[in-house]
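Topology and contacts: notes
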Amino acid sequence: KVETELESLPYTVARWVASGWDAVESAGKIFNAAVVRDMYNRPVLLFRNQWNLDQLLADNKKIGELMPYALPPSMQEKKKLF
């Protein structure tokens, strides 16, 4: 047995960056969001609230489209990852 403890993070909104890591790089410093990666190495932005998301979209057009979900990669894409 292993004892574990689950801690909540302060984020309520997640968005996948449609254009991938290149869009994250070109956007520069992203404020009021955590940049993480999902299990398929895709960039995900975590926001504390909708207002922070709206501010990013208004202030930084280089980030491109942000999606509320991401579909799993095709089998061909999965083979490249693993």
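Here's a quick rundown of the structure.

Rules used in this analysis
Residues numbered from 1 in each chain as written. Predicted model: local features only at pLDDT ≥ 70, side-chain atom pairs only at ≥ 80, totals over all residues. Heavy atoms only, no water. Helix = DSSP H or I, 4+ residues; strand = E, 2+ residues; numbered from the N terminus. Buried < 20%, exposed > 50% of the residue type's maximum accessible area, 1.4 Å probe, protein only. Pairing = 2+ DSSP bridges. Phe/Tyr/Trp six-rings, centres within 6.5 Å; stacked < 30°, edge-to-face > 60°. Lys NZ or Arg CZ within 6 Å of the ring centre and 35° of its normal. Contact = heavy atoms within 4.5 Å.

Its identity is not glycine, yet Asn32 carries a phi of approximately 60 degrees, on the positive side. Here Asn32 shows up in the loop between helix 1 (21-27) and strand 2 (33-37). In this structure Asn32 comes out as exposed when scored by relative accessible area, which is 53%. Not every positive phi belongs to a glycine, and Asn41 is a case in point at roughly 65 degrees. With respect to the secondary-structure elements, Asn41 resides in the loop between strand 2 and strand 3 (43-47).

Taken in spatial order, the 4 strands line up as 2-3-1-4 in an open sheet, and their pairing is antiparallel. Edge positions in the open sheet fall to strand 2 and strand 4 (66-67), since each of these has one partner strand only. Bridge analysis of strand 1 (residues 13-17) against strand 3 gives 4 bridges, and the strand direction is antiparallel. Looking at the pairing, Trp16 lines up with Val44 of strand 3.

With that settled, the discussion passes to the packing of aromatic side chains. Tallied over the entire structure, the rule returns 0 aromatic pairs. Over the ring of Phe31 we find Lys29; its NZ or CZ atom is 5.7 Å from the centre of that ring.

We now examine the pairing of strand 2. Two elements, strand 2 and strand 3, share 5 bridges in a ladder whose sense is antiparallel. Bridging across to strand 3, Arg37 finds its partner in Pro43. Counting the residues that bridge the hairpin from strand 2 to strand 3 gives 5 residues, and of these Asn41 lies at a positive phi of roughly 65 degrees.

Bringing the side chain of Asn52 into the picture now. Structurally, Asn52 is set in helix 2 (residues 50-59). Under the relative-accessibility criterion, Asn52 is labelled buried at 9%. When neighbours within four sequence positions are excluded, Asn52 is seen to be in contact with Asn32 and Phe47.

These figures capture arrangement, not role.
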